[in-house]
Amino acid sequence: MGPGQLRIQAGDDEIPGLQQIAERFTDATGVTVEFIQREINAQSISDFIAQAPMGQAPDILISPHDNLGQLAANGVIASVEMGDRGEDFTQNALTAVTYDGVSYGVPYAVECVAMVRNDDLTQDEPETFDDLRAVGRRLMDEQGLQYPFTISQSPTNGDPYHLYALQTSFGAEVFARDEDGEYLPELTMGGSEGEQFANYLADLGETGDLRTSMTPDIAKEAFINGESGFHLCGPWDLVDLEAAEMNCTVFPIPPAGPEEARPFAGVQAFFVNANGRNPVAAQDFVTNWITQPESQLALYKSTGRPPASSTAVEQMQDDPWRTQYAVIAETALPMPAIPAMGAVWSFWGTAQNAIVDGRGEPQQLWENMISNIEGQI
Amino acid sequence: MASTTRSSAPEPAGNSAETTLPWGAGDSAPATEPKRAHSRGFGVGFVVKLILMALINAFGIYGIVAAFGVGSWAIAVFLILALIAANLIYFLPGRRILPAKYLFPGLIFLLVFQVFVILYTGYTAFTNYGDGHNGTKEDAIAQLEQTYEQRVEGSPQYPVTVLSSDDDGALALATLQDGQVLVGSQDTALAPAANAESSDGSVTAVDGYEVLDYAETVNSPEQLAELRVPVSDDPADGALRTADGSTAFAYTPTLTYDDGQDAMVDADGTVWADQGTGAFVSPDGEELRPGWQVFVGFDNFAAVFDPEVIGGPFLSVTLWTFAFALISVASTFLLGLLLAILLNDKNLKGRNIYRAIIFMPYAFPMFLSALIWAGLLNTDYGWVNQVLLSGAGVPWLEDPWMARLSVLLVNLWLGFPYMFLISTGALQSIPEELYESAAMDGAGPVRRFRSITLPMLMVAVGPLLIASFAMNFNNFNVIYLVTQGGPQDLDSTTGVGATDILISFVYKIAFSGGTNDYGLAAALSILIFVMVAVVSLLTFRRSKALEEIN
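Source: prediction; values computed, not measured.

Q: Honestly, the interface of chain A and chain B in this entry has me stumped. Any pointers?
A: Interfaces are often sized by the accessible area lost when the parts come together. Counting from both sides, the interface comprises 57 residues of chain A and, opposite them, 48 residues of chain B. Looking at the side of chain A facing chain B, the largest losses of area belong to Asn 74, Glu 81 and Val 280 of chain A, adding up to 14% of the total buried there. There are two salt bridges connecting chain A and chain B. In this structure, Asp 244 of chain B and Arg 85 of chain A form a salt bridge, with 3.1 Å as the shortest nitrogen-oxygen distance. Put simply, the parts of the chain that give the side of chain A that touches chain B at least two residues each are α1 (15-29), α2 (42-51), α3 (68-73), α10 (279-289), α14 (340-356) and α15 (362-376) of chain A. A total of seven residues in the side of chain A that touches chain B trace back to one element, the largest contributor, which is α10 of chain A. For the side of chain A that touches chain B, the per-class residue count stands at 27 nonpolar, 22 polar and eight charged.

Dropping the structure here:
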């Protein structure tokens, strides 16, 4: 009997890089690798969870780590111990794949948002977010730009993800964390820190600096067309900026409050099906092959996502933008994967939108949101 | 299948003789031929039937074997019964089973795609199937024991080789330490092996054991998952477990299943007991995840009316759902009918071009149209506000009532071409003479419309309007793509929005926020089904009365 087959569910941008790794893997072990191309969303995660107990789901799933809580609570993924092979990874990447004290995955990329500056329009390096707004306003007056800065929002759901760095700069983190950096289902967005942020949001809305109707496409297009000097975005927008041959610099988001502005870090990771058909080969593939720096680089090249391995990050000299993103990601806060986060997302964005649009008193709206979320948790 | 065999009926000469050559009618074949089952002779029809049945049998038997292979007994039994029935129906002689030959394929599809789905939804509504209650109790116990093992602090990483005992084939692990080969198995701790060889830092041979190669290692996942090799005689040192067959770590268990009390026991003595809720529960009420599926009776239905869950907004959402469905049907039908009447004038030049243009919205993919509409209605950047209203800033999707109006308008745009189409068809089928005689009797245009057009139209269109109502009642796509049910009611803990209809509300409750609750969703689906069924039944009665007028 041969060593069989591995089935890996991956996105279309991951497959070219994975194919190179899989070729080496097959040469060494004889295990053939089949790819199932599917984008990760709520539906594909639900399908994986429904199919896994029947032994139908793929052996390996690549997913952002914020789905980890749901996958682990359903018992469909196996614990993955990297041991010494995890030493090369950044602390954020390792924390993100740990749930309830158990390590479940092998990370390959860490993403977060940062500030991108159009160097052709300005060379300013604002220290605080208010400085940035002032520079943006000056550019509007002097050079006739449309916006002081651009940032992705959603008129229906809001976009707390892109605004989180501003929120943390006031010290209002979403959940409390234990000494290992793992999140506890204890909401910490309230209090005076949260209220200060709510007031700041209301001010951003009142001045028109921040608009809830600015969807991702509108924000990106405006920046590419030179209508704004600063663009708050993740590394996924870089491809289009490169295509437009823009002259840009990436730097951390300047804080709006007294503390450091720390965005969310999203970690892309490999998870192993607990009821897969070939679990030993799957564990071998993720722990011994994906952890190699050259595999991490191959995935970086095919996806454009900053790698999770420090060695791989050091080998990206010809890509200053993404190197900068990788450096910023080290101080970012991993997105919570605990189930309580589901309750947060549904109220968080709509409350922020209401504040920015001036539909009520900011502190009152923020307090309502806190009590609604606490009611659901 | 029936039609193919019929068209290739045997003795075509006999048939044609009957119809075109009357003098050939003396032959007895044409008279008896239609009565004989055309597939019982050995003509072309029989061969075709034989091939088709052979394919069906082959496919069915493959399905049965596959179902047995994965232990799906219910599917296997269903396939066996269906296959036996198919063979009996198509091979048994006799006219009495003739109707069955036509009905059988339809019945099978009905069972698979309708009856099964309805029964399964009904079954799910009484379970707690959802996130955290995904599989069986055995799966949950195995997963909990596997997951809650703690790596012994400060313990090294062990490169290991998997061995198989020559005596009983039980697995063992070998590792190299300071050039010395250590071997251990399930019951015996790691100990130096007497006759062992190693090269390049890996164990190559051990006396009394066979060294497994890669293929053999990955092909014994169950044994490997259960294998725990004690590091030493001291349990505190932990036991080695390898997940990938080449690297092992020392673990101590933190949760173990106790058969006697049917509970998970923590390392610190906490007992997590099974209290029938589909999870192990600690004395202070905390639940272990994963749990498993159990029956919960009417709990899911009770949740619908529990104000803490969704009982609060349930009534207002139901009212809006009825309003949305009724207004959508009425507005699309009225606009469609109006345009159909206008373009029904035979004297109108180029009316086919107008018809084609009116039909356009129906030809676009509905998903695309709905998403584009959401963009057009954007308050600051949307084309409607920017160009049509020159920067008016109308909050199309942000104000509750404007958002309701917006989804109705988008749905009107999406839906009127269909109504236009069916109305045009129905108008053309009304006999011209009726209008002529009505005109002779002195009826004016309004009277003719009320007494002839409308009743005649409703007979043809009525059932379609009911179908359209049922479709709009569950028109998830338009709501989700245009507003996602928003704007959200900021005071409600359920996350309900102003434009949420029942089905989008169910989706929010049961699936959004990363937690799936299939049991609750199934219970709500059944309630929605009952509502649509009652409304349809009542209106069908009315449209039947209409038919009797005719």
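So that's the structure; there's more coming.
Q: How should I be thinking about the sheet that holds strand β8 (residues 150-151) of chain A in this particular structure?
A: Sheet strands pair by backbone hydrogen bonding; their relative direction is either parallel or antiparallel. All names here are of chain A. Pairing within the open sheet is mixed, and its four strands lie in the order β8-β11-β7-β12. Single-partner strands in this sheet number two, and they are β8 and β12 (248-251). Bridging between strand β7 (residues 114-118) and β12 involves four bridges; their strand directions are antiparallel. Bridge assignment links Arg 117 to a residue of β12, and that residue is Thr 249.

Q: How should the environment of Gln 146 of chain B be read in this particular structure?
A: Relative to the assigned elements, Gln 146 of chain B resides in helix α7 (residues 137-147). Look at Gln 146 of chain B and you get partly exposed, because its relative accessible area is 25%. Between the C-alpha atoms of Gln 146 of chain B and Tyr 62 of chain B, which are 84 residues apart in sequence, the distance is 36 Å. Dropping the residues within four chain positions of it, Gln 146 of chain B is found in contact with Ser 79 of chain A together with Ala 225, Arg 228 and Arg 241 of chain B. A polar side-chain atom of Gln 146 of chain B sits 3.5 Å from a polar atom in the side chain of Arg 241 of chain B.

Q: How do you make sense of the pairing of strand β11 (residues 230-233) of chain A when you look at a structure like this?
A: All names here are of chain A. Both faces of β11 are covered, namely the face carrying Phe 230 and Leu 232 and the face carrying His 231 and Cys 233. In this structure, β7 lies alongside β11, joined through four bridges in antiparallel fashion. Pairing of Met 115 across the sheet is with Leu 232, part of β11. In the sheet, β8 pairs with β11 via two bridges, with the strands oriented parallel. Counted as the bridge partner of Thr 150 is His 231 from β11.

Q: Looking at this structure, how should I read the UniProt feature "transmembrane region" (unreviewed entry) in chain B?
A: Residues and elements named next belong to chain B. As annotated by UniProt and renumbered to match this structure, "transmembrane region" (unreviewed entry) occupies residues 42-64, 70-90, 102-123, 319-344, 356-376, 401-421, 452-471 and 518-540. Span residues 70-90 is 86% helix and 0% strand, its end C-alpha atoms 30 Å apart. For the annotated span residues 319-344, helix accounts for 92% and strand for 0% of the residues, and the straight-line distance between the end C-alpha atoms is 37 Å.

Q: Looking at this structure, I do not really get the packing of aromatic side chains. What am I missing?
A: Two descriptors summarise a pair of aromatic rings, namely the distance from one centre to the other and the angle between the planes of the rings. Residues and elements named next belong to chain B. This model, assessed by the stated rule, comprises 38 aromatic pairs over all chains. Summarising the aromatic geometry, the rings of Phe 126 and Phe 298 are spaced 5.1 Å apart at their centres and angled 90 degrees between planes, so their arrangement reads as edge-to-face. Placement of Phe 126 in the loop between α6 (98-125) and α7 and of Phe 298 in the loop between β15 (280-281) and α10 (299-305) is noted, with a sequence separation of 172 residues between them. You can call Phe 126 partly exposed: its relative accessible area is 26%.

Q: Honestly, a nonpolar patch on the surface in this entry has me stumped. Any pointers?
A: All names here are of chain B. A contiguous nonpolar patch, built from Phe 78, Leu 103, Leu 107, Phe 109, Leu 110, Leu 111, Val 112, Phe 113, Val 115 and Leu 119 and spanning about 920 Å² of accessible area, is present on the exposed surface. Among the elements that make up the nonpolar patch, the one with the highest residue count is α6 (nine residues). Turning to its location among the elements, Leu 103 is positioned in helix α6.

Q: When you look at the pairing of strand β2 (residues 158-165) of chain B in this model, what are you seeing that I'm missing?
A: Residues in a regular strand point their side chains to alternate faces of the sheet. Residue and element names in this part refer to chain B. For β2, the buried fraction is high: seven of the eight residues fall into the buried class. Sheet analysis places β2 next to strand β11 (residues 247-253), joined by two bridges and oriented antiparallel. Looking at β11, one finds that Tyr 158 is bridged to Ala 248. Here β2 pairs with strand β3 (residues 171-177) via five bridges, running antiparallel. The residue bridging Thr 161 from the neighbouring strand is Ala 174, located in β3. Taking the residues between adjacent antiparallel strands as the criterion, β2 and β3 are bridged by five residues, where Gly 169 takes a positive phi near 75 degrees. Pairing between β2 and strand β8 (residues 209-211): three bridges, direction antiparallel.

Q: What is the right way to read unusual backbone geometry from this model?
A: Trans is the prevailing form of peptide bonds, just as negative phi is the prevailing case for residues other than glycine. Residue Pro 290 of chain B is bonded to the preceding Arg 289 of chain B through a cis peptide linkage, with omega at 0 degrees. Here Pro 290 of chain B lies in the loop between β15 and α10. One non-glycine residue, Glu 245 of chain A, lies in the positive phi region at around 50 degrees. With respect to the helices, strands and loops of the structure, Glu 245 of chain A is situated in the loop between α9 (238-243) and β12. By relative accessible area, Glu 245 of chain A is classed as exposed at 71%.

Q: What should I look at first to understand a negative patch on the surface in this one?
A: A contiguous patch of negative charge, built from Asp 166, Asp 167, Asp 168, Asp 207, Glu 210, Asp 213 and Glu 216 of chain B, is present on the exposed surface. Looking at the secondary structure, you find Asp 168 of chain B in the loop between β2 and β3.

Q: Would you explain the sheet that holds strand β14 (residues 271-274) of chain B in this entry?
A: All names here are of chain B. With respect to topology, four strands assemble into an open sheet ordered β12-β13-β14-β15, the strand pairing being antiparallel. Two strands close off the open sheet at either side, each with one partner strand: β12 (255-258) and β15. Relative to β14, strand β13 (residues 263-266) runs antiparallel, the two being bridged by three bridges. Bridge pairing in β14 links Met 264 to Trp 272. Taken strand by strand, α7 contacts β12, β13, β14 and β15, and its axis lies near 145 degrees from that of β12.

Q: Whenever I open this one, the domain arrangement of chain A confuses me. Can you help?
A: All names here are of chain A. Looking at the assigned domains, one finds that chain A contains domain 1 (5-111 + 266-334) and domain 2 (114-262 + 339-376). For domain 1 and domain 2, the distance between their C-alpha centres works out to 28 Å. Counting residues at the interface gives 16 residues for domain 1 and 27 residues for domain 2. Summing both partners gives a buried area of about 1,800 Å² for domain 1 against domain 2, and 62% of it is carried by carbon and sulfur. Together, Trp 321, Tyr 325 and Leu 333 form the three largest contributors to the area buried by domain 1 at its contact with domain 2, with a combined 46%. On inspection of domain 1 and its partner domain 2, the count reaches one salt bridge. Between Arg 322 and Glu 242 there is a salt bridge, with its nearest N and O atoms 3.0 Å apart.

Q: Help me understand the packing of helix α5 (residues 73-91) of chain B against α6 of chain B in this model?
A: In a packed pair of helices, the relevant descriptors are the angle between the two axes and the axis-to-axis distance. Residues and elements named next belong to chain B. Taken N-terminus to C-terminus, the directions of α5 and α6 make an angle of 165 degrees; their axes are 10 Å apart at the nearest point. What the angle tells us is that α5 and α6 run roughly antiparallel. Considering the relative orientation of α5 and α6, their crossing is left-handed. In this structure, α5 uses Phe 78, Ala 82, Ala 85, Ala 86, Ile 89 and Tyr 90 to contact α6, whose residues at the interface are Ala 100, Lys 101, Phe 104, Pro 105, Ile 108, Leu 111 and Val 112.

About the thresholds
- Residues numbered from 1 in each chain as written.
- Chains lettered and ligands numbered in written order.
- Predicted model: local features only at pLDDT ≥ 70, side-chain atom pairs only at ≥ 80, totals over all residues.
- Heavy atoms only, no water.
- Contact = heavy atoms within 4.5 Å.
- Buried area = accessible area lost by both parts, 1.4 Å probe.
- Salt bridge = Lys/Arg side-chain N within 4 Å of Asp/Glu carboxyl O.
- Helix = DSSP H or I, 4+ residues; strand = E, 2+ residues; numbered from the N terminus.
- Nonpolar A, V, L, I, M, F, W, Y, C, P; charged D, E, K, R; others polar.
- Pairing = 2+ DSSP bridges.
- Buried < 20%, exposed > 50% of the residue type's maximum accessible area, 1.4 Å probe, protein only.
- Polar contact = N/O pair within 3.5 Å; in protein donor to acceptor, adjacent residues only side chain to side chain.
- UniProt positions renumbered as here; feature names shortened; annotations may be inferred.
- Phe/Tyr/Trp six-rings, centres within 6.5 Å; stacked < 30°, edge-to-face > 60°.
- Patch = residues over 30% accessible without salt bridge, like charges linked within 9 Å, V, L, I, M, F, W, Y side chains within 5 Å.
- Areas by Shrake-Rupley, 256 points an atom, 1.4 Å probe, with all protein chains shown as cover.
- Lys, Arg positive; Asp, Glu negative; His and termini not counted.
- Charge placed at Lys NZ, Arg CZ, Asp CG, Glu CD.
- Axes fitted to C-alpha atoms, helices over the stretch in contact; angles between N-to-C directions.
- Domains from an automatic or database assignment.
- Parallel < 35°, antiparallel > 145°, perpendicular 65-115°, else oblique.
- Left-handed = near helix turned anticlockwise from the far one by under 90°.

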